[in-house]
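# Examination of the molecular architecture
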Amino acid sequence: GRHFGDRQPGKAISVTATHRPKNCDRCQSEVFVFHEYDFKDEDTRISGHPDGFLKIPGLPGLGLLEAKSVSQKSAWEVRRTPNINHVLQVQIYLMFTGLKWARILYWNKSETSTAALVEHHIDRDEETITAIRSTALSVWKGIRTKELPERICETQGCKRAKDCVVQETCFKNEGVLRVID
């Protein structure tokens, strides 16, 4: 059957994405193979792939779908507002695609009915996209020049800092130019 979901380099997804018909117009097969959209920004080295695309009446053009399965505790945490890491992830996908909106769909693995689902609408935010790109570019510049980029962790004790391989260097001699050994 025909492949749906194929990307065409240099063309907007809203132009190249196609709706899946009941049958292939070439061979009449009802079997289709979905190809996931993989994206990579060569400058920032950020890559990823959204879970799908949506067309919802009343909303402009195509949008993105990002689906997340969550525990009971996490479901409680996202019932009114989405997880910030997921919002940032969606903003990256909006950067890749040029699309203007997305939906994050949370599925509570502990539930079995539609009560297990929580949905959040996310609009494209150019300021957030610019901050993500800027941060990634500063990290790669720091790796090239051996100078640490501007610190993104507020404290040495935050989760990101605890997991960081240059945490000690980054927080040593605050206010002094920090150079990676």
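As the structure is a prediction and not an experimental result, all values here were calculated from the model.

Calculation notes
- Residues numbered from 1 in each chain as written.
- Predicted model: local features only at pLDDT ≥ 70, side-chain atom pairs only at ≥ 80, totals over all residues.
- Heavy atoms only, no water.
- pLDDT = per-residue confidence, 0-100.
- Helix = DSSP H or I, 4+ residues; strand = E, 2+ residues; numbered from the N terminus.
- Contact = heavy atoms within 4.5 Å.
- Salt bridge = Lys/Arg side-chain N within 4 Å of Asp/Glu carboxyl O.
- Buried < 20%, exposed > 50% of the residue type's maximum accessible area, 1.4 Å probe, protein only.
- Pairing = 2+ DSSP bridges.
- Axes fitted to C-alpha atoms, helices over the stretch in contact; angles between N-to-C directions.
- 1 Å grid on protein atoms, 1.4 Å probe; cavity = no way out; pocket = protein on both sides within 12 Å on 5 of 7 lines; lining within 4 Å.
- Points joined across faces, edges and corners; volume = space filled by probe spheres on them.
- Nonpolar A, V, L, I, M, F, W, Y, C, P; charged D, E, K, R; others polar.

A separate point is the confidence of the model for the protein chain. Averaged over every residue, the pLDDT of the protein chain is 81; the share at 70 or more is 81%. Helix H3 (residues 84-97) holds the highest mean pLDDT among the elements of the protein chain, 95, whereas strand E1 (residues 3-4) holds the lowest, 44. Long-range and interchain partners of residues 175-181, a stretch whose pLDDT sits below 50, account for 14 contacts in this model, where long-range means more than four residues apart.

This part takes up the side chain of Glu66. For Glu66, the position within the fold is in strand E6 (residues 63-70). Apart from residues no more than four positions distant in its own chain, Glu66 is found in contact with His49, Pro50, Asp51, Gln89, Val90, Tyr93, Arg103, Ile104 and Leu105.

In the structure shown here, the tally under the stated rule is seven salt bridges. Arg133 is the partner of Asp43 in a salt bridge, and the nearest nitrogen-oxygen pair spans 4.0 Å. Taken together, the residues Asp43 in the loop between strand E3 (39-41) and strand E4 (46-48) and Arg133 in helix H4 (residues 126-145) connect sequence positions 90 residues apart. Owing to a relative accessible area of 53%, Asp43 belongs among the exposed residues under this scheme. Among the ionic pairs, Asp163 bridges to Lys159, the shortest N-O distance being 2.9 Å. Exposure class is identical for Asp163 and Lys159. Each is exposed.

Before going further, it helps to examine the sheet that holds strand E5 (residues 52-54). Paired through backbone hydrogen bonds, the strands of a sheet run either parallel or antiparallel to each other. A sheet is described by the order of its strands in space; here four strands give the open sequence E5-E6-E7-E8, paired in mixed fashion. Strand pairing shows two members of the sheet lacking a second neighbour, E5 and strand E8 (117-123), which therefore form its edges. For this sheet, the mean angle separating the axes of adjacent strands, direction not counted, is 30°. Examined bridge by bridge, E6 and strand E7 (residues 101-108) share seven bridges and lie parallel to one another. If you follow Ser69 over to E7, its bridge partner there is Trp107.

Another point: the layout of surface pockets. There is about 870 Å³ of room inside the largest pocket. Together, 32 residues line the largest pocket, and Thr135, Ala136, Val139, Ile152 and Arg160 are the ones closest to its centre. Among the elements that line the lining of the largest pocket, the one with the most residues is H4, at 10 residues. In the lining of the largest pocket, the residues fall into 21 nonpolar, eight polar and three charged.

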